[in-house]
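Understanding the architecture of this molecule
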Amino acid sequence: MVEKIRVENLNCYYKDKQALKNLNITVEKNEILSIIGPSNSGKTSFLRTLNRMNDMNVDFSRDGEIYLDEENIFEMNPEKLRTRVGMLFAMPIPLPMSIYDNIAYAPRVLGLKNKKNMDEVVEQSLRDASLWDEVKDRLHTSAIKMSGGQQQRLCIARILAIEPEVILFDEPCSGLDPISTAKVEEAMLKLKQKYTIVLVTNNVKQASRVGTRTAFFLMGELVEIDKTSTLFVSPRNKKTEDYITGRFG
Amino acid sequence: MFKLSPKLSQKIFYTLLAISTAIVIVPVLLIVFIIIKNGWSAISWEFLTTMPTDGMRAGGILPAILGTLSIVACAICITLPVGVCAAIYLNEYAKDNMLTRIIKLAIVNLAGVPSVVYGLFGLGIFVMLLGFGVSIIAGALTLSIMELPVIITTARGALNSVPYAFREASWSLGVSKWQTIRRVVLPNALPGIMTGAILSISRISGETAPILFTAAAFYVPHLPQSMFDQVMALPYHLYIISTQIPNMPKNIIFGTALVLLMMVLSMSLFAIIARLYFRKKRKW
Ligand SMILES: Nc1ncnc2c1ncn2[C@@H]1O[C@H](COP(=O)(O)OP(=O)(O)OP(=O)(O)O)[C@@H](O)[C@H]1O
Ligand SMILES: [Mg+2]
C-alpha cells in the first residue's frame, strides 16, 4: 500500500477551543477512508485542514504537519494544494451559472484546458459522476434548478474536472433521499480506482458499505482506525462498539 | 379600563396606517402636480436646447442641463470605481480589527454630514489648495467625496448579498481569492451595485450646496468646453431664477424645476425597476 497523506501530531484550535487533539493518521492511495463519529468530534475540522480551507478562518490555528506525497502541505501554495485535494461540502453548492459553466469554471480560470477540450472535460466529468445521462440535454440551463441529489453529483463532477488526486467528502449524503444516496455512493466507488477518497459520514451504514478503512473520531481524538470489515465486526475499543451499534449518547 | 374588540382595534390601526401612508404620499404628489401644472407650458424642444436670453427671462436652459450632466457624469466616474474598490477591500480582504471597524463606522457617519460641509471642504481643497478654481472637476470631486460613503455602503450590501458559500465553493476548487471575486462575487453583486449607483446619480443631480462654491456659476454665456470651466447647473440655476431675478416668468421657473424633477425621478424609477427585474432574475 502506498501512503498518500500522512498526518503527524496535528492539533487544531478555534480561538482557545481545541477541535483536534494530537492526531496521527495516514490515508492510503486509492482507498476510501471513512471517518465516523458523533457531532462536534472534529471530522469537518480535519477535512478542512487537509486542503487548508481553514486558512480563511481567522480564529483557526494549528500545529503539527500534514504531508501529501511526502510534501508538507503547509509549505505549498494553498491554491495549488486545493487543485490536488478537492473538497465536497455537506450542502451541495452549485454556483449560480449553467450546468456546463459550473464544471468548466475552475478549469477555465486555472487555465488547465483549451477551449476545444472543454466539451470533452465536461462530458467526462459528468459521466464519472454518474450524472451525464440525466443532464446531457440541458447542459446550458441553470444548475440551481436541479434536484438536491443532482446538485451534489454536479459538485462531484466539478471537482473531477480539475483532476485532483484526493477528494474529501463531508457528509455528502446528509440531505439526500436513499435513491440519491445510492447514486452518490455508486459514483464514489467508481472514483476509487482513480482517486484517493476521504469520506466523512454520520451514517454508519454508509461507512460500512463504501469504506476501505474506517476511522472513529470522538471529541477531537482518533479512537480507532482499521479495515472496515474488521472495525465493524470486532472493534477493539468499547466506545467504537457503542457508537456503531447505536448505543452511543 | 375599557377594552376594544379585536375587530375594532384592527380597524383603528388599519386606518392609522393608511393615514400615515397618505401623509407621506400626498405632499409628494402635490409637489409634482403643482410643478407640472405651472411648468408644463414652458417645456418645449427650444427650452431644452437653447441658451437663455434676455437676462435669463427667456430662451432655454441648455447650459444648465449640460453643466449638471457633466458634473454628475464626472462625479460618478470617480466615485463608483473608488467606492467599489473600497467596498471590495473592506468586505473581502480587510481583517476584522480595530482599524477596519473604525473605518466602517466613519463611513456610516460620513454619510450623515450635511452637504454644505462638503461644499466648504471642496472649496478649501479642490478650488483653492489644488488650484482647480471653480470648475467642473472641482465640483465633481466634491460630489464624489460626498457620495463615496453611500456608494461604499450600497456596494458592501450588494457584496454581502452574495452567499459566502459561493466563495467557499470557488476557493475549494483552487481558484484564488481575487479570481473568485472577479468571476463569482462581482457578477452577482453587480445589479445591486449598479442600482445603487443610479440612485446616487439621481441624488447628486439635485444637490446644490456642494457645487455652490466649487462649480456653479450665475451665468456663463457659452457651453462648457473643458473640465476646468465654470458651469451653470440646474439646481443652482433654479435657485438664481427664483430668487435673484426680478420679473422672472413663473412658467420658466417651474419648467426648470420640472426638468430637474424629471431627471431625478426617471433615474430613481429606472433604478427601482432594474432592482425588481434583477431580484426576479436572481438565481438563488
Ligand atoms: N468555524 C468555527 N469556529 C469556531 N469553532 C468551530 C468552527 N468549526 C467548528 N468548530 C468547533 O470545533 C469542534 C469540531 O467541529 P467539527 O465541525 O469539526 O465537528 P464535526 O465532527 O464535523 O461535527 P458534525 O458531525 O456536526 O458536522 C466543535 O466543537 C465546533 O464547535
Ligand atoms: Mg461536520
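Preceding block: the structure.
So, how was this worked out
- Residues numbered from 1 in each chain as written.
- Chains lettered and ligands numbered in written order.
- Predicted model: local features only at pLDDT ≥ 70, side-chain atom pairs only at ≥ 80, totals over all residues.
- Heavy atoms only, no water.
- Pairing = 2+ DSSP bridges.
- Helix = DSSP H or I, 4+ residues; strand = E, 2+ residues; numbered from the N terminus.
- Axes fitted to C-alpha atoms, helices over the stretch in contact; angles between N-to-C directions.
- Left-handed = near helix turned anticlockwise from the far one by under 90°.
- Contact = heavy atoms within 4.5 Å.
- Nonpolar A, V, L, I, M, F, W, Y, C, P; charged D, E, K, R; others polar.
- 1 Å grid on protein atoms, 1.4 Å probe; cavity = no way out; pocket = protein on both sides within 12 Å on 5 of 7 lines; lining within 4 Å.
- Points joined across faces, edges and corners; volume = space filled by probe spheres on them.
- Expected span 1.5 Å × (residues − 1).
- Buried < 20%, exposed > 50% of the residue type's maximum accessible area, 1.4 Å probe, protein only.
- Buried area = accessible area lost by both parts, 1.4 Å probe.
- Salt bridge = Lys/Arg side-chain N within 4 Å of Asp/Glu carboxyl O.

Remarks on the pairing of strand β10 (residues 221-227) of chain A
A regular strand places its side chains so that they alternate between the two faces of the sheet. All names here are of chain A. Pairing of strand β9 (residues 213-218) with β10, which is carried by six bridges, proceeds in the antiparallel orientation. Residue pairing for β10: T214 is matched across the bridge by D226. The loop that links β9 with its antiparallel partner β10 comprises two residues; one of these, M219, has a positive phi angle of about 45 degrees.

A few points about the packing of helix α3 (residues 99-110) of chain A against helix α6 (residues 148-160) of chain A
Residues and elements named next belong to chain A. Direction vectors running N to C along α3 and α6 enclose 35 degrees, while the axes themselves pass 7 Å from each other. Considering only the axes of α3 and α6, their crossing is right-handed. Contacts from I99, N102 and I103 in α3 reach L154, A157 and R158 in α6. The residue makeup of the contact of α3 with α6, split by class, is four nonpolar, one polar and one charged.

Brief notes about empty space enclosed by the protein
Within this structure, the stated rule accounts for two cavities of 30 Å³ or more. In this structure, the largest cavity encloses a volume near 50 Å³. Surrounding the largest cavity, A:M87, A:L88, A:F89, A:I93, A:C155, A:R158, A:I159, B:A169, B:S172 and B:L173 form its lining. Among the elements of the structure, β6 (85-88) and α6 of chain A are those that each provide at least two residues to the lining of the largest cavity.

A word on the sheet that holds strand β4 (residues 60-68) of chain A
Residues and elements named next belong to chain A. In spatial order, the strands read β2-β1-β4-β5; together these four strands make up an open sheet with antiparallel pairing. For this open sheet the edge positions go to β2 (17-28) and β5 (71-72), each flanked by a neighbour on one side alone. Where β4 lies against β5, two bridges are found, and the strand directions are antiparallel. Bridge pairing in β5 links L68 to E71. Relative to strand β1 (residues 3-14), helix α1 (residues 43-50) is tilted by about 120 degrees, and along the sheet it contacts β1, β2 and β4.

Details of helix α11 (residues 250-281) of chain B
Residue and element names in this part refer to chain B. With 32 residues, α11 should cover 46 Å at 1.5 Å per step; its first-to-last C-alpha distance of 46 Å lies within 8% of that length. Looking at α11, one finds that the buried residues are I252, I253, G255, T256, A257, L258, V259, L260, M263, S268, A271 and A274. In the core, the buried residues of α11 are packed alongside α1 (6-39), α2 (45-49), β2 (58-59), α3 (62-93), α8 (177-205) and α10 (234-243).

Topic: the pairing of β6(A)
Residues and elements named next belong to chain A. Side chains V85 and M87 of β6 all project onto a buried face; the interleaved residues G86 and L88 project onto the opposite face, where all are buried too. As defined by bridge partners, β6 adjoins strand β7 (residues 166-170) across four bridges and the pair is classed as parallel. Its bridge partner lying in β7, V85 is registered against V166.

Describing the interface of chain B and chain A
With 20 residues of chain B in contact, the opposing surface of chain A contributes 23 residues. Of the roughly 1900 Å² buried between chain B and chain A, counting both surfaces, carbon and sulfur atoms make up 71%. Seen at the junction of chain B and chain A, the total is one salt bridge. Secondary structure elements with two or more residues in the side of chain B that touches chain A: α7 (164-171) and α8 of chain B. Top element by residues in the side of chain B that touches chain A is α7(B). It accounts for seven residues. Classifying every residue of the side of chain B that touches chain A gives nine nonpolar, seven polar and four charged.

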